[in-house]
2 protein chains.
Amino acid sequence: MLGTIRRVGQLLDLFDEHHPEWGVTEVARALQVSKSSAHALLRSLATIGLLEQLPNSRYRLGWRTLALGSVLLTSSGIAGIARPAIDNLAKTSGETVNLAVLERGHVIFIERQPGAGGRFASAVPIGTPLPFHCSAVGKVLLAHRPPAEAQALLRTAAGFDRFTRNTITDKQRFQAELEQVRRQGYAFNLMEAFDNVCCVAAPVKNSLGLVVAAIGLSMPTHRFERHRDYYISALLAATRRVSAELGWEAETGGVA
Amino acid sequence: MLGTIRRVGQLLDLFDEHHPEWGVTEVARALQVSKSSAHALLRSLATIGLLEQLPNSRYRLGWRTLALGSVLLTSSGIAGIARPAIDNLAKTSGETVNLAVLERGHVIFIERQPGAGGRFASAVPIGTPLPFHCSAVGKVLLAHRPPAEAQALLRTAAGFDRFTRNTITDKQRFQAELEQVRRQGYAFNLMEAFDNVCCVAAPVKNSLGLVVAAIGLSMPTHRFERHRDYYISALLAATRRVSAELGWEAETGGVA
DNA sequence: CATCCATGTTCGCTAATAACGAACGAGCCG
DNA sequence: CGGCTCGTTCGTTATTAGCGAACATGGATG
């Protein structure tokens, strides 16, 4: 592990929606390095385009971060492979479909197809890290990590913040739910993040049987309650299709 | 400039749509460093999430790049400030509106509002680097760079590739066009990138009068020819509005 | 308008460390 | 089964990243 790059990681972690601009002194304090080191770090990252220096000589993320994300999306196997199935699922179900992966302990959506109504479209931006305890895709992704890693993630989780009356804030109960998710092969989100929004999610597996992503289907509660079984089967059909294209052969794999 | 970070920049440049996966040896050759150095670099970047190691132990961009781009979009001044004006322009004109910036010599779109028809929507992905010589926004952005920088960009330009019969491939003629763009305050793209697609673009200025972005309006040729003047005035109204919100005061500034 | 404080930036020195090359182990193809 | 290529590890050495002090700048304050 190169020290400079470890620092780059810490530095990039500083930038978020609530604090998108940082000065040299500020960064030096946050990373506990000297001002000159912080300066060298910031300036270098600005030179390669990962950061940008503002007229007031402070720094924020550079446009190159966008470009990198774009390259990933257009070249990543999963995004391209899953798109047809996702589009199809959105069209047949009429609901919003999300494709999500785990990124350093957080759920991020990497692709979305809004439903017929076009609601939820901008609910949560693509790429934004989300806590995993209040989303169906989060449950699915966490449920299929190695137990040791899942435990570590649960331990280091920033805390089970409550968003609605239904948010699961008890780790014990959450773990029990993960167990259920593993058994039944899909997860629910029953108004645990937003009032009146329910989701179903199921895992996408690659040729080794590893869960590399999750597809989620979001809708208003009343439609969920009415057509629950239909949504589940349509979703599972989609994840089966994507998994198959990734080389996963359902017949050979057991429930493990 | 920290050497390690300069290398990170070179390394990230390697990853593109045509070559999204790289192995250690390959990288070592490309960057002209030892295999062990390349390995340390790749592994470190994978640890902080900028890269990801695939099961076959090769590397590709990591999901964190998406997360970074998302933070930038949701926190950057320009994107949020310009959104209302862009949405409005798209609604009133019915055509596709793009917001673009210059990123290390390339044009990238950072935001888009598809027109009524919903065509062009996926023509060029958000964040993907584009050559500047065949887009209206590219002309605008380049025309307002300091002459020295613009010259350097023209020199290092990968070449004026031809995409349509109308693509400008002559640097002399392109420079003349930049001069005209500066004079009239907007730029055209007359089927220079795609057949049957025309664009108008105009600059967005901040409080110092610097051009920080460009707004472009894209449409089929026949509608462009019919309503050219309307599009121009609607576009200029939008850029004036956004520039004003960035603190630019048109009255005080000359043509300079 | 003058002063002061905080911040961004530069520079030389030194200790930390990143780069190298060789060696090891795994995987693939012939 | 043998040869090749690739990813990974390790110890040494030269590079360089980090530090602290000094300088420059700009905005706030009195």
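The structure contained in this document is the topic of the report that follows.

Comments concerning the interface of chain B and chain A
Turning to step 1, where the next piece is worked out: Taken together, the contact between chain B and chain A spans 51 residues of the former and 51 residues of the latter.
Turning to step 2, where the next piece is worked out: Note on chain B versus chain A: buried area summed over both sides is about 4,400 Å², and carbon and sulfur give 76% of it.
Turning to step 3, where the next piece is worked out: Joining chain B to chain A, the criterion identifies 2 salt bridges.
Turning to step 4, where the next piece is worked out: Arg64 of chain A is the salt-bridge partner of Asp13 of chain B, the closest N and O atoms lying 2.9 Å from each other.
Turning to step 5, where the next piece is worked out: Of all the elements in the fold, those that place two or more residues in the side of chain B that touches chain A are helix H1 (3-14), helix H3 (35-47), strand E2 (59-61), helix H4 (64-75), helix H5 (77-93), strand E3 (96-103) and strand E4 (106-113) of chain B.
Turning to step 6, where the next piece is worked out: Among the elements that line the side of chain B that touches chain A, the one with the most residues is H4 of chain B, at 12 residues.
Turning to step 7, where the next piece is worked out: Grouping the constituent residues of the side of chain B that touches chain A by class yields 28 nonpolar, 15 polar and 8 charged.

Observations concerning the protein's contact with DNA strand D
Turning to step 1, where the next piece is worked out: Within the structure, DNA strand D sits among 19 residues, and Arg7, Ser34 and Ser37 of chain A together with Thr25 and Gln53 of chain B are positioned closest to it.
Turning to step 2, where the next piece is worked out: Of all atoms in DNA strand D that approach within 4 Å of the protein, 67% are sugar or phosphate atoms.
Turning to step 3, where the next piece is worked out: Interatomic distance of 2.4 Å between a side-chain N/O atom of Arg7 of chain A and a phosphate oxygen of DNA strand D.
Turning to step 4, where the next piece is worked out: A distance of 2.9 Å separates a base oxygen of DNA strand D from a polar atom in the side chain of Ser36 of chain A.
Turning to step 5, where the next piece is worked out: Mapped by element, the contributors of at least two residues to the surface near DNA strand D are helix H3 (35-47) of chain A together with H1, helix H2 (24-31) and H3 of chain B.
Turning to step 6, where the next piece is worked out: Split into classes, the residues belonging to the surface near DNA strand D amount to 5 nonpolar, 11 polar and 3 charged.

A short note on the sheet that holds strand E6 (residues 197-205) of chain A
Residue and element names in this part refer to chain A.
Turning to step 1, where the next piece is worked out: Strand order in the open sheet made by the 5 strands is E4-E3-E7-E6-E5, with antiparallel pairing throughout. At either margin of the open sheet sits one strand with a lone partner, and together these are strand E4 (106-113) and strand E5 (187-190). Direction aside, neighbouring strands of the sheet carry axes that sit 25° apart on average.
Turning to step 2, where the next piece is worked out: Two strands pair when backbone bridges link them, and strand E3 (residues 96-103) and E4 are joined in this way by 7 bridges, in the antiparallel orientation. Opposite Glu103, over in E4, you have His106 as the bridge partner.

Digging into unusual backbone geometry
Turning to step 1, where the next piece is worked out: Of note in this structure, Arg104 of chain A is not a glycine but carries a positive phi near 50°.
Turning to step 2, where the next piece is worked out: Here Arg104 of chain A is to be found in the loop between E3 and E4.
Turning to step 3, where the next piece is worked out: The phi dihedral of Ser57 of chain B falls on the positive side, at around 65°, and the residue is not glycine.

Some remarks on the protein's contact with DNA strand C
Turning to step 1, where the next piece is worked out: As a matter of local geometry, DNA strand C sits amid 18 residues, with Thr25 and Gln53 of chain A together with Arg7, Ser34 and Ser37 of chain B nearest to it.
Turning to step 2, where the next piece is worked out: Within 4 Å of the protein, atoms of DNA strand C come from sugar and phosphate in 70% of cases.
Turning to step 3, where the next piece is worked out: Between Lys35 of chain A and DNA strand C, the recorded distance is 3.2 Å, taken from a side-chain N or O atom to a base oxygen.
Turning to step 4, where the next piece is worked out: Measuring from a phosphate oxygen of DNA strand C, one finds a side-chain N or O atom of Gln53 of chain A at 2.8 Å.

Quick notes on the rules
- Residues numbered from 1 in each chain as written.
- Chains lettered and ligands numbered in written order.
- Predicted model: local features only at pLDDT ≥ 70, side-chain atom pairs only at ≥ 80, totals over all residues.
- Heavy atoms only, no water.
- Contact = heavy atoms within 4.5 Å.
- Buried area = accessible area lost by both parts, 1.4 Å probe.
- Salt bridge = Lys/Arg side-chain N within 4 Å of Asp/Glu carboxyl O.
- Helix = DSSP H or I, 4+ residues; strand = E, 2+ residues; numbered from the N terminus.
- Nonpolar A, V, L, I, M, F, W, Y, C, P; charged D, E, K, R; others polar.
- Near = heavy atom within 4 Å.
- Polar contact = N/O pair within 3.5 Å; in protein donor to acceptor, adjacent residues only side chain to side chain.
- Pairing = 2+ DSSP bridges.
- Axes fitted to C-alpha atoms, helices over the stretch in contact; angles between N-to-C directions.

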